[in-house]
Amino acid sequence: MENTKHKILFIEDDKMDQLAFKRSVEEQELPYDYTIAASVSEAKKILVSSQFDIVISDYALGDGTAFDVLGSVKNTPLIIVTGTGNEEVAVKAWKAGAYDYLIKDIDRNYLRTVPITVENVIEHKRIEGKLHLLSGAIMSTEDSVYITDMEDEIIFVNKAFLETYGYKEEEILGQYSNVLWIGKPQSGKTRSVFQSRTVGSTWEVGFYHKRKNGSIFPVSLSRSIIKDMRGDDVAVVAVAHDISERILVEDELRTENLKLGRQNQLKSEMAVIILEALRTSFGKENVSKTQGLIDDFLNISKIEAGRINLRLSDFDLRAVVSEVLEARSSLVSEKNIKLESFIPESGLIVNADRKGVKRVLDSLVNNAIKSVPTGGHINILVKEADDRIRIEVQNDGPPVDSSAAHRLFNHFTVIKEQVAKLTSSEGKDEGSLASSCDLLLQALSLPIAKVLVELHGGRLWIESKQEGGNCFCFTLQKEASMNVAPKKKVK
C-alpha cells in the first residue's frame, strides 16, 4: 500500500500555482501520478478518457468554476481550493458534494496540507464503498451520523446524533440539513468555517454546527454519496465529529509550549551568569561561588525534568542542626547575632535525605542571618507531632508580605532579577558580578529548598508577624515516600 501511486488531476489556471504544485510533489517525493489541466474544458476532456483517484481544483478558473467540474468527476473525490476567508464558497462546496476544501494563501503554504488531505480522501473513499454494509455499526458509533436524500431532507439519524444535537427523532426527520448550520458568522469565535491544527504544522478546515437549543460547537465533517444498484445517487451520508475537546487540547498545548519556552529562557539566562562568572573566576578566590552556581543550574534543570531523587538514610537531626550552626558561626559573630537551637534532648532519628535536609536548613538559617539586623536573634526549633517533624527558623528581621514570599520561592523571578542587574551598564564590572553571584546563590537556595522539602512529602512556608519578625517553617514526614533512591543505613 505504501508504494501505491495516486492518480491526481490538478486543475489550476495560474502558472505559478502549477509550478508550485509540481515542486511540492518533487521536494516531498510524493507518490503522485499527476495530470495538470488549466481550464474547466480541458479538465472535462481529460476526465472523459481517464480515471483519477482524486481531483484537486481551484475554485475560480478562466472558463468557469470548480462546480462546473462536479458533474464530470462522478465517483472521484473533489477537493476545492479557494481564497482565504471565502466561507460561503466552502459551505456551498460541501453541500454540492465536494469532499474537502483548502484555503489558498499568498505563500502557497496550503500545498503542505495536500499530502495528509489526499491520504484522508483516499481512506474515506475506500470506506465509502462499504458504507451500505455498515448500517448496524452506524447506529452504535459515537460520531453523529445523518443521511439526507438528494433534496437535502434528513431521512436518517443515529443515536449519537440525537444526543449531540438535542433533537428527538421525529423532530429532525424531514428537516433540511441547513438547520444544523449556523449560517452567517455570529462572532470572531463562531465563524462557519475555521482552521484547526492537526499533525505537525498542517491544518484542516472545520465547521461550526448548531444544536436544537441554539448552542454552537466545532465539528469536523465528512460526506459521502450513497448510490443504488444502478449507480445512481440516492442519498448523502454525513458524519460529524465533535472536536471541542481537541480544540481545548490545542489551547493546552499552546500554554504548555509557552511554559517550556519560559523554562528554556530561564536556563539561558542563568547560563549567562555562570559564563560571566567563569570568565572572571580563573586564578581567583571566587571559584567556589562559580561551582555553586553550576550546581544550582544543574539542580534547577533536574527540577524542571523531574529527575531529583532522594537518597534516604537514618540520621540524628540534632547532628545536622549542629553542623549548620557551626558552618554559619562566623557570619553570626560578624553581626553579633544570638543563634540558638531548641531540640528535644532525646534527639530525633529521621529517615530522609541527609544532604538535602541539611541544605534546606542551611538555606533558611543563611537567609535569616542576611535579613536580621545587627544584634538580632535567630532561633531554631524542632518539634515532633505524630508522623511529622516541624522545623522552625525564627528571626526578628523585617516582615515578609505574601507577594514577597511568593517571589522568594520562584526561581523564574529570582534569575530574571539577577540577569537584569548583571546585564545593566553598572553591573558588568568584576565587583558587581561577584555581588550578583552572591545574591543569586542566596536567592536560589530558597526555591531549591522548597522543592527538596516537597520531595520529602512536606511543605515550606513563611509566617510573618505584624510587630516584626518571621518564621520560616517546614515539615518532613518521618518516612519520605517520593522520588526515592535505594535506602542505606547509617552506621
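Residues numbered from 1 in each chain as written. Predicted model: local features only at pLDDT ≥ 70, side-chain atom pairs only at ≥ 80, totals over all residues. Heavy atoms only, no water.

**Section: the overall build of the protein chain**
Where we set the bar: A run of DSSP states H or I qualifies as a helix once it reaches four residues; a run of E qualifies as a strand once it reaches two. Both are numbered from the N-terminal end. Between buried and exposed lies partly exposed: a residue is buried under 20% and exposed over 50% of the maximum accessible area for its type, with that area taken using a 1.4 Å probe on protein chains only. Throughout, a contact is declared for two residues whenever any of their heavy atoms are within 4.5 Å. The accessible surface values rely on the Shrake-Rupley method and a 1.4 Å probe; as for residues, cover is taken only from the protein chains in view.
Counting its secondary structure elements, the protein chain contains 16 helices and 21 strands. Taken across its 491 residues, the protein chain has 44% of its residues classed as buried. Taking all contacts inside the protein chain whose residues are at least 6 apart in sequence as the whole, residues at least 24 apart take part in 61%. For the protein chain, the exposed surface amounts to about 26300 Å²; the carbon and sulfur share of it is 51%.

**Some points on the nonpolar core**
We count it as follows: Only buried residues count toward a nonpolar core, which is a set of Ala, Val, Leu, Ile, Met, Phe, Trp, Tyr and Cys residues joined through side-chain atoms within 4.5 Å.
Counting residues in each nonpolar core, the largest one holds 42 residues, and the members touching the most others are Leu317, Leu361 and Ile391. Not counting residues up to four positions away in its chain, the partners in contact with Leu361 are Val320, Val321, Val324, Ile380, Ile391 and Val393. Core analysis: the second largest hydrophobic core is formed by 21 residues, Leu9, Ile11, Ile46 and Ile80 among them.

**Details of the side chain of Asn351**
To keep things clear, this is the line we draw: Pairing of N or O atoms within 3.5 Å defines a polar contact, subject to two protein rules: one partner must be a possible hydrogen donor and the other a possible acceptor, and residues neighboring in sequence count only if both atoms are side-chain atoms.
Positionally, Asn351 belongs in strand 16 (residues 349-353). In terms of polar contacts, Asn351 uses its side chain to reach the side chain of Asp314, at 2.8 Å.

**Structural notes on the sheet that holds strand 17 (residues 377-385)**
Note the threshold: Any two strands with at least two DSSP bridges between them are considered paired. Angles run from 0 to 180 degrees between N-to-C directions of axes, and those axes are lines fitted to C-alpha atoms, restricted for helices to the stretch in contact.
Read across the sheet, 5 strands follow the order 15-17-18-20-19 without closing on themselves; strand pairing throughout is mixed. A strand with exactly one partner marks an edge of an open sheet, and here the two such strands are strand 15 (338-342) and strand 19 (460-464). The sheet shows a mean angle of 15 degrees between the axes of neighbouring strands, direction not considered. Note that strand 18 (residues 388-395) and strand 20 (residues 470-477) share 8 bridges and pair antiparallel. Within the sheet, the bridge partner assigned to Ile391 lies in strand 20 and is Phe474.

**Brief notes about the confidence of the model for the protein chain**
Caution is warranted with low-pLDDT regions, since their predicted coordinates should not be read in detail. Using the following cut-off: Values of pLDDT, the confidence the predictor places in each residue, fall between 0 and 100.
Per-residue pLDDT for the protein chain averages 78, and the proportion of residues at 70 or more is 71%. Note that pLDDT drops below 50 for residues 199-203; the model gives that stretch 10 contacts with residues more than four away or on any other chain. Overall, residues 481-491 carries pLDDT values under 50, and its contacts beyond four positions in sequence, including any with other chains, amount to 21 contacts.

**Side note on the packing of helix 11 (residues 317-327) against helix 13 (residues 354-371)**
For clarity, the threshold we go by: Angles below 35 degrees are treated as roughly parallel, those above 145 as roughly antiparallel, those between 65 and 115 as roughly perpendicular, and all remaining angles as oblique. By convention the crossing between two helices is left-handed if the near helix lies anticlockwise of the far one by an angle smaller than a right angle, and right-handed if it lies clockwise. Residue polarity follows a fixed list, in which Ala, Val, Leu, Ile, Met, Phe, Trp, Tyr, Cys and Pro are nonpolar, Asp, Glu, Lys and Arg are charged, and the others, Gly among them, are polar.
Contact geometry of helix 11 with helix 13 gives a least axis separation of 10 Å together with a crossing angle of 45 degrees. Relative to helix 13, the element helix 11 is oriented oblique. The handedness of the crossing between helix 11 and helix 13 is right-handed. Counting all contacts with helix 11, which are made through Leu317, Ala319, Val320, Val321, Glu323 and Val324, the residues of helix 13 involved are Arg354, Val357, Lys358, Leu361, Asp362 and Val365. Partitioned by chemical class, the residues of the contact of helix 11 with helix 13 number 8 nonpolar, no polar and 4 charged.

**Focus on helix 13**
Defined as follows: For a helix, the expected span equals 1.5 Å multiplied by the number of residues minus one.
With 18 residues, helix 13 ought to run about 26 Å at 1.5 Å a step, and its terminal C-alpha atoms sit 26 Å apart, in line with that. Buried residues of helix 13: Gly356, Val357, Val360, Leu361, Asp362, Ser363, Leu364, Val365, Asn366, Asn367, Ala368 and Ile369, and no others. Near the N-terminus of helix 13, the side chain that reaches the backbone nitrogen of Lys355, with its oxygen 3.2 Å away, is that of Asp353.

**Remarks on the sheet that holds strand 1 (residues 6-11)**
Spatially, the 5 strands line up as an open sheet ordered 2-1-3-6-7, and their pairing is parallel. The sheet is open, and its two edges are formed by strand 2 (32-37) and strand 7 (100-104), each paired on a single side. Averaged over neighbouring strand pairs, the angle between their axes works out to 20 degrees when direction is ignored. As paired elements, strand 3 (residues 54-58) and strand 6 (residues 78-83) share 4 bridges and run parallel to each other. Across the sheet, residue Ile56 finds its bridge partner in strand 6, namely Ile79. Contacts from helix 1 (residues 15-28) reach strand 1, strand 2 and strand 7, with the element oriented near 175 degrees to strand 2.

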